[in-house]
Amino acid sequence: MAVPAPMSLADADDDTLMQRWVQGDARAFETLYRRHQNGLYRFVRRVLGTALAAQADEVFQDTWARVIHAR
């Protein structure tokens, strides 16, 4: 019986990546970050609007810090 090939991190769903990251796989977090960084940044910019656009980087980083600490 053939052993299935290990799943590529790029093909893994977010739940699987989070589980792997919790188990210490830093590459899983890197994959999550790359997958969601642009969308999250656009969302933050849209929510803050032009009046608070200068704070978008800080809010973006704070959001990722919360994900890291929630691990």
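Refer to the structure printed above.
Because the structure is predicted, anything quoted here is derived from the model rather than measured. (Residues numbered from 1 in each chain as written. Predicted model: local features only at pLDDT ≥ 70, side-chain atom pairs only at ≥ 80, totals over all residues. Heavy atoms only, no water.)

Caption draft 1: Expanded view of the nonpolar core. Leu-17, Leu-40, Val-44 and Trp-64 are the most contacted members of the largest nonpolar core, which totals 13 residues. Of all elements in the fold, only α1 (14-22), α2 (26-48) and α3 (56-70) reach the threshold of two or more residues within this core. It is α2 that provides the largest number of residues to this core, a total of six residues. Apart from the residues within four sequence positions on either side, Trp-64 is in contact with Phe-29, Leu-32, Tyr-33, His-36, Gln-37 and Leu-40. (Core = buried A, V, L, I, M, F, W, Y, C linked by side-chain atoms within 4.5 Å. Buried < 20%, exposed > 50% of the residue type's maximum accessible area, 1.4 Å probe, protein only. Helix = DSSP H or I, 4+ residues; strand = E, 2+ residues; numbered from the N terminus. Contact = heavy atoms within 4.5 Å.)

Caption draft 2: Structural context of α3. For α3, spanning 15 residues, the distance from its first C-alpha to its last is 21 Å, which sits close to the expected 21 Å at 1.5 Å a residue. Listed as buried for α3 are Ala-56, Phe-60 and Trp-64. All buried residues of α3 fall inside an arc of 70° around its axis, so they share one side. α3 presents Glu-58, Arg-66, His-69 and Ala-70 as exposed residues on the side facing more than 90 degrees away from its buried surface. Buried positions along α3 lie against α2. (Expected span 1.5 Å × (residues − 1). Arc of directions from axis to C-beta.)

Caption draft 3: Looking closely at the pattern of salt bridges. Throughout the structure, instances matching the rule amount to four salt bridges. A salt bridge links Asp-25 to Arg-27, with the nearest nitrogen and oxygen atoms 3.8 Å apart. Judged by relative accessible area, which is 15%, Asp-25 ranks as buried. Arg-66 is the partner of Asp-62 in a salt bridge, and the nearest nitrogen-oxygen pair spans 3.1 Å. A residue pair is termed a helical-turn pair when its members lie 3 or 4 positions apart in one helix, as Asp-62 and Arg-66 do in helix α3 at four residues. Looking at Asp-62, the relative accessible area reads 37%, which means it is partly exposed. (Salt bridge = Lys/Arg side-chain N within 4 Å of Asp/Glu carboxyl O.)

Caption draft 4: A look at the side chain of Thr-31. Looking at where Thr-31 falls in the secondary structure, it is placed in helix α2. Beyond its immediate chain neighbours, meaning those up to four positions away, Thr-31 contacts Leu-9, Ala-10 and Leu-17.

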